[in-house]
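Geometric and topological summary
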There are 2 protein chains.
Amino acid sequence: MIQFSNSFVRLLAELQKLPGVGEKTALRLAFHLLKSPENCSALAESLREVVSRVGFCSVCFGITEDDPCLFCTGDRDDTAICVVEEPQDLLTMERTRAFRGRYHVLQGALSPLSGITPSQLRIAELVKRLDGGTVREVVLATNFSVEGEATALYLARLIKPLGVRVTRLAHGIPLGSDLEYVDAATVQRAIEGRSEL
Amino acid sequence: MIQFSNSFVRLLAELQKLPGVGEKTALRLAFHLLKSPENCSALAESLREVVSRVGFCSVCFGITEDDPCLFCTGDRDDTAICVVEEPQDLLTMERTRAFRGRYHVLQGALSPLSGITPSQLRIAELVKRLDGGTVREVVLATNFSVEGEATALYLARLIKPLGVRVTRLAHGIPLGSDLEYVDAATVQRAIEGRSEL
């Protein structure tokens, strides 16, 4: 309908590949970038820099500039590995300061419907890390979605026979919740997992 | 707290300059881009291309690759100019196919509180376009915000003495509205502007 220039159309297409960015948001972002060419260039530059410098850690498969990453080389507890789906989940765990062991990023979750099988995740690499006998606990922190739960179950069945303790983050009532608004399934899990005061 | 690599931190900072992108969204976008280096490179490339190729039209100050732009050179009505705040507003007008004249982009709206005075907008350039006597109507399509209304009022006072007809987009009930949910001020304007059936 309206004739955009080719380079503008290409930028719109690239922006729409970003998560949560549709046609309208892409237009808004593109016009914003056009208004400040210096920001536009800086963004282009930092994207190029990230592509060339940042990669995945060859041990835990989180993101890093130096391989292996700080989490794998730092002074941390070698006897526990926390398994997460994506590199960003590692940050969520780390913010709590409650876990001081190593990490392992699966880079996804099992999803037969989307064709994601165990071989497409970093599961073989995880099992290999358990070889030496140093690791005594694997904390499964995959998402609490259908895929994440299935992945946790799969990993538990795989790892337990190796004589390693397998744990899962607790289900329960989120802090600050009104009991009234918590779903029944969560309350049920909270009752099952109740603790002494 | 968590040590990100420098290039990743720079990317986060650049992404947060985009409208509607805060810390969380920037992280989400950055991780998404990291997972697909080819998309990341393509976005960087198209940003560079846009910066180098796309600029503002020297006549209407909309965005364009060729100067003057298609709206200024195309076969359109020379007797009317529609004045909008931003280049994207031009698209909104154009989608209606109801206006076939030329355009003029102010690149902003008057806002004394933010220090935006008439000299910072493309107002002098607009007045100059009215010089020849060809233009007989200026349609003010600035936003219906405080700034947009003030800008429209300012332009009307400036242009009317030049003997050019100045019009403003109609206020009224949006199509498909439930009258019950339309604010009183809008209904008032709709009553004042009522038309014969």
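This section reports on the structure supplied with the text. Just so we're clear, the structure is a prediction, and the values are computed from it rather than from any experiment.

Observations regarding the nonpolar core
Grouped together as the largest cluster of nonpolar side chains are 40 residues, with contacts concentrated most on A:Leu15, A:Leu47, B:Leu15 and B:Leu47. Mapped onto this core, the elements with two or more residues apiece are helix 1 (6-15), helix 2 (23-35) and helix 3 (37-53) of chain A together with helix 1 (6-15), helix 2 (23-35) and helix 3 (37-53) of chain B.

Observations concerning the sheet that holds strand 4 (residues 101-105) of chain B
Residue and element names in this part refer to chain B. Strand order in the open sheet formed by four strands is 4-3-5-6, with parallel pairing between adjacent strands. Bordering the open sheet on either side are strand 4 and strand 6 (165-168), each of which pairs with just one other strand. Strand-to-strand twist across the sheet, computed as the mean angle between neighbouring axes with direction ignored, equals 25°. When strand 3 (residues 77-84) meets strand 4, the two strands line up parallel, connected through five bridges. If you follow Ile81 over to strand 4, its bridge partner there is Arg102. On the sheet, helix 5 (residues 87-96) packs against strand 3 and strand 4 and is oriented at approximately 155° with respect to strand 4. Strands strand 3, strand 5 (137-140) and strand 6 of the sheet are contacted by helix 7 (residues 146-159), whose axis makes an angle of about 165° with strand 6.

A look at the pairing of strand 5 of chain B
All names here are of chain B. When strand 3 meets strand 5, the two strands line up parallel, connected through four bridges. Residue pairing for strand 5: Cys82 is matched across the bridge by Val139. Alignment of strand 5 against strand 6, held across four bridges, turns out to be parallel. Among the inter-strand pairings, Val138 is bridged to a residue of strand 6, identified as Val166. At this point the chain moves from strand 5, through helix 7, to the parallel strand 6, and the crossover so formed is right-handed.

Observations regarding the pattern of salt bridges
On inspection of all chains with the given rule, the structure shows 20 salt bridges over all chains. With a shortest N-O distance of 2.9 Å, A:Arg76 and A:Glu94 are connected by a salt bridge. Remark: A:Glu94 occurs in helix 5 (residues 87-96) and A:Arg76 occurs in the loop between helix 4 (70-73) and strand 3 (77-84); sequence separation between them is 18 residues. Per residue, the accessibility class of A:Arg76 equals that of A:Glu94, and both read buried. Between B:Glu14 and B:Lys17 there is a salt bridge, and its shortest N-O distance comes to 3.2 Å.

A short note on the sheet that holds strand 3 of chain A
All names here are of chain A. Pairing in this open sheet of four strands is parallel, and the strands run 4-3-5-6 from one edge to the other. Looking at strand neighbours, the two that pair on one side only are strand 4 (101-105) and strand 6 (165-168), the edges of this open sheet. Taken pair by pair, the neighbouring strands of this sheet meet at an average axis angle of 25°, ignoring direction. Against the sheet, helix 7 (residues 146-159) touches strand 3, strand 5 (137-140) and strand 6, its axis set at about 165° to strand 6.

Observations regarding the packing of helix 2 of chain A against helix 3 of chain A
All names here are of chain A. Look at helix 2 against helix 3: their axes get within 5 Å of each other, and the N-to-C directions meet at 110°. Classified by the interaxial angle, the pair formed by helix 2 and helix 3 is roughly perpendicular. Between helix 2, through Leu33, Leu34 and Lys35, and helix 3, the contact on the second element is made entirely by Pro37, Cys40 and Leu43. Looking at the contact of helix 2 with helix 3, its residues break down into five nonpolar, no polar and one charged.

Considerations on the packing of aromatic side chains
Residues and elements named next belong to chain B. Applying the stated criterion across every chain yields a total of six aromatic pairs over all chains. Between Phe8 and Phe31, the ring centres sit 5.3 Å apart and the planes meet at 50°, which makes this aromatic pair tilted. Highlighted residues: Phe8 in helix 1 and Phe31 in helix 2, separated in sequence by 23 residues. Grouping residues by exposure puts Phe8 and Phe31 together as buried. Summarising the aromatic geometry, the rings of Phe71 and Tyr103 are spaced 5.5 Å apart at their centres and angled 75° between planes, so their arrangement reads as edge-to-face. In this pair, Phe71 sits in helix 4 (residues 70-73) while Tyr103 sits in strand 4, placing the two residues 32 residues apart along the sequence.

Thoughts on the side chain of B:Glu85
Residues and elements named next belong to chain B. By the secondary structure assignment, Glu85 is in the loop between strand 3 and helix 5. Buried charge without a partner: Glu85 forms no salt bridge, and the closest opposite charge is Arg168, 6.6 Å away. A distance of 2.9 Å separates the side chain of Glu85 from the backbone nitrogen of Asn143, its partner in a polar contact. Ignoring anything within four residues of it in the chain, the contact list for Glu85 reads Val105, Leu106, Gln107, Gly108, Ala109, Thr142, Asn143 and Gly148.

Each value, and the rule that gives it
Numbering of residues starts from 1 in each chain and follows the order in which that chain's sequence is written. Working convention: letters from A go to chains and numbers from 1 go to ligands, in the order in which they are written. Whole-chain, interface and lining totals are the exception, using all residues; otherwise, since this is a predicted model, local features are given only for residues with pLDDT of at least 70 and side-chain atom pairs are given and counted only at 80 or more. Hydrogens and water are ignored here; the side-chain numbers use all heavy atoms of the structure. Remark: nonpolar core denotes a set of buried residues (Ala, Val, Leu, Ile, Met, Phe, Trp, Tyr, Cys) joined through side-chain atoms within 4.5 Å. Here's how the labels work: a residue is buried when its accessible area is under 20% of the maximum for its type, exposed when over 50%, partly exposed in between, all with a 1.4 Å probe on protein chains only. The helix and strand labels rest on DSSP assignments: H or I over at least four residues marks a helix, E over at least two residues marks a strand, and numbering proceeds from the N terminus. Any two strands are treated as partners once DSSP identifies two or more bridges connecting them. Between N-to-C directions, angles cover 0 to 180 degrees, with each direction set by a line fitted to C-alpha atoms, over the stretch in contact for helices. Contact criterion: two residues are considered in contact whenever any of their non-hydrogen atoms come within 4.5 Å of each other. Note on handedness: a crossover is taken as right-handed if, strands pointing away from the viewer, the path from the first strand over the helix to the second is clockwise. In what follows, salt bridge is the name for a side-chain nitrogen of Lys or Arg lying within 4 Å of a carboxyl oxygen of Asp or Glu. Angular relationships are summarised with four words: roughly parallel below 35 degrees, roughly antiparallel beyond 145, roughly perpendicular across 65 to 115, and oblique for the angles in between. Only Asp, Glu, Lys and Arg are considered charged, only Ala, Val, Leu, Ile, Met, Phe, Trp, Tyr, Cys and Pro nonpolar, and every remaining residue, Gly among them, polar. Paired rings are identified among Phe, Tyr and Trp, the last through its six-membered ring, by centres lying within 6.5 Å, and are further divided according to the angle between planes into stacked (under 30 degrees), edge-to-face (over 60) and tilted (the rest). When charges are tallied, Lys and Arg are placed among the positive residues and Asp and Glu among the negative ones, while His and the ends of the chain are skipped. Polar contacts, as counted here, are pairs of nitrogen or oxygen atoms within 3.5 Å of one another; within protein the pair requires one atom able to donate a hydrogen and one able to accept it, and residues that are adjacent in sequence qualify only if both atoms are side-chain atoms.

Functional significance is not addressed by these values, which are geometric in nature.
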